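Letter by letter, the chains look like this.
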Amino acid sequence: MHRTRTLWRLAAALAFMLSMATIATTTGAAPAAAPPAQKSRAEAQAFIDESTAKYNDALKSSYKPGQAVVPASGPVWTADLDTWVEYTFPASSGASCLNGTPYRMYYKIASEASMRDKVLVDFEGGGACWDFESCKPGAKLGASNPDGLPSGYIQGDGILTKTATALTSPVLDGNTFLADAAAYFIFGRGSGTLDGRSWRNFLKLTSQPQTQRWTKLVFPYCTGDVNAGASFRVLEDPSNPQNSKKVNFNGLNNVRAAMEFLRKNKFAESLSGKKSIQQLLVYGVSAGGYSSLANYPMIREALAGEKTRAAMFSDASPILPGAVYQPDEEILASDLDKTPAVKFWQKVTHAWGWFQKPTAADANTPGHPEYAGQAEGLIARWEKATGEKVELLKSRAGDTGNLNKVLSKRYAEDRFGLSSFQQDLVIPGFAFGGGQNAEVAGLTGSALRDANLKLFTKEMNLVRANLGPLPNYGYYMPWSRYLVLGSHGVTPLTFAGTDISRAGNLRDDGGRIAPEFNGDVGFFLNNLISAQSPQSLPVLKEVGAPGESFSGGSLLGTVLSWFHAFG
């Protein structure tokens, strides 16, 4: 088993380094019109029921070797310690993938009693979609698993399926010694501590964060909406109006169903004699990072107690600040120049129904009072969970950066963190290619890469300005790691190659005098999951200098970039 896992990890590492390398080269689809009309939850439920019935009729066997599933009688949380267990939501829960087929959640209860009431919630990443073209299977700007999730997506004692490249991270699961050694030699250090720069400390390799030993909840990704949607729509093919596609942007309702399942079965109370979890970390990479932020208030309200130390860590998922315009509202040139992602926000927020309210049918369907709640968009759910007003629309002087501000204000004792490489080549492909910004239209190769990074740098300066004054919201922004996914994701696969070094007595963007820092993203993680309050131990705000520290990985990544391997 261990030899097989070692070989698999090495193969996965190579695939992960080179996968999605061309995603930032697309210029996006034709300009989209206003999203089609919102359908009722009754119509969405009929779609889920029909799709689930067809799925079940075609299913011969769902069992795979090493697979553990929740028994029909319900979960016994301590029955399968340190083993991934699958729960498939019934159609009646309102949970589903983009195509209406069943949604699945996975959990692994820690075997160590002292770690059992510390919970890691991990959202899988994998792109996004918002219109007919982007929601097609295989679309360049698209999302993972548009055709649903197979049973056994995660099995046994590890993540062994084809999806492992999207979930493999030292935050969730430990690498083998061989994989860690390879990463160490390619990238250097990555120990998660402030020591270990000497080669004499080779046996330390990359860090083994405490979160690997926590109880874990994993949400696979199959809704295309960064788990921020609650919108059932019929998308028409712009090249053939007779063709159409039903899509259920249902991420918010999947998490809603999961929280109801966990509450009903006394998940938090069952993990320790204290009847409440002691620590909570909501985490994800890329689309998973956006999912973490979108669902944090609802997850926290459902799982955390009064004494729970809670934190959020979103990786490669910066909320690029910008006012959100209505679908038919003309964007001011000054706003587009200041915040280039404003065109993208206009598309996706309305496609995913962030501002939608329940229809009359949702509120009045006999026997289904839950439909009204399922039809609420992201903003209504945040305002209900946090008790704070959330203003994003241009017409109300709003801005997407207010999401971060609301979290910081409402949960002042929680610790929040964003990590992102400054040279990320994937997020700009979505934010500016998906928005069809004029600066990137028609460009390819190095010209497109340079244009994307110029826009991304402008936005990331706004991100730091947005987060800097927030006392409990940190960030970690090294320069690049081209060899791993074109610098997309600081925490996937390994912490090696994420170093930041700077002198002391420098002001961070939060206005503090910061001591010398010489660490990696593992140290940032350890700071976030500290049980101390933000007042006792400030969150880190770290930005790396341009250029990578020399390593085999940086050299190879630079050479590959000359050949436009990353867009």
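Summarised in this report is the structure supplied together with it. (Residues numbered from 1 in each chain as written. Predicted model: local features only at pLDDT ≥ 70, side-chain atom pairs only at ≥ 80, totals over all residues. Heavy atoms only, no water.)

### Re unusual backbone geometry
Backbone geometry at Ser 286 places phi at a positive 60°, although glycine is not the residue there. Assignment of secondary structure puts Ser 286 in the loop between strand E8 (279–285) and helix H7 (287–303). You will see that Ala 397, though not glycine, has its phi angle at about 60°, which is positive. Residue classification places Ala 397 among the exposed residues on the basis of a relative accessible area of 72%. (Helix = DSSP H or I, 4+ residues; strand = E, 2+ residues; numbered from the N terminus. Buried < 20%, exposed > 50% of the residue type's maximum accessible area, 1.4 Å probe, protein only.)

### A few points about helix H12 (residues 378–386)
Burial analysis of H12 places seven of its nine residues in the buried class, the great majority of the element. Residues of H12 that are buried include every one of Leu 378, Ile 379, Ala 380, Arg 381, Trp 382, Ala 385 and Thr 386, and no others. Buried residues belonging to H12 abut helix H5 (251–264), H7, helix H11 (370–375) and helix H13 (402–410). (Contact = heavy atoms within 4.5 Å.)

### Regarding the state of the cysteines
Under the definition given, this model contains two disulfides. In this model, Cys 97 is linked to Cys 222 through a disulfide, with the two sulfur atoms separated by 2.1 Å. The sign of the S-S torsion, about -85°, decides the handedness of the disulfide formed by Cys 97 and Cys 222: left-handed. One end of the pair, Cys 97, is in the loop between strand E2 (85–88) and strand E3 (104–108); the other, Cys 222, is in the loop between strand E5 (215–219) and strand E6 (231–237), and 125 residues separate them in sequence. Among the residues examined, Cys 97 registers a relative accessible area of 0% and is labelled buried. Disulfide pairing places Cys 129 opposite Cys 135 at an S-S distance of 2.2 Å. Taking the sign of the S-S torsion, 90° for the link of Cys 129 and Cys 135, the bridge is right-handed. One exposure class covers both Cys 129 and Cys 135, and it is buried. Each disulfide of the protein chain joins two cysteines, and with those cysteines numbered along the sequence the arrangement is 1-4, 2-3. (Disulfide = S-S within 2.5 Å.)

### Some words on the packing of H12 against H13
One way to put it is that H12 packs onto H13 with a least axis distance of 11 Å and a crossing angle of 15°. Of the possible angle classes, the one that applies to H12 and H13 is roughly parallel. In this structure, H12 crosses over H13, and the sense of that crossing is left-handed. Residue-level inspection shows Trp 382, Ala 385 and Thr 386 of H12 in contact with H13, the latter providing Leu 403, Val 406, Leu 407 and Arg 410. Classifying every residue of the contact of H12 with H13 gives five nonpolar, one polar and one charged. (Axes fitted to C-alpha atoms, helices over the stretch in contact; angles between N-to-C directions. Parallel < 35°, antiparallel > 145°, perpendicular 65-115°, else oblique. Left-handed = near helix turned anticlockwise from the far one by under 90°. Nonpolar A, V, L, I, M, F, W, Y, C, P; charged D, E, K, R; others polar.)

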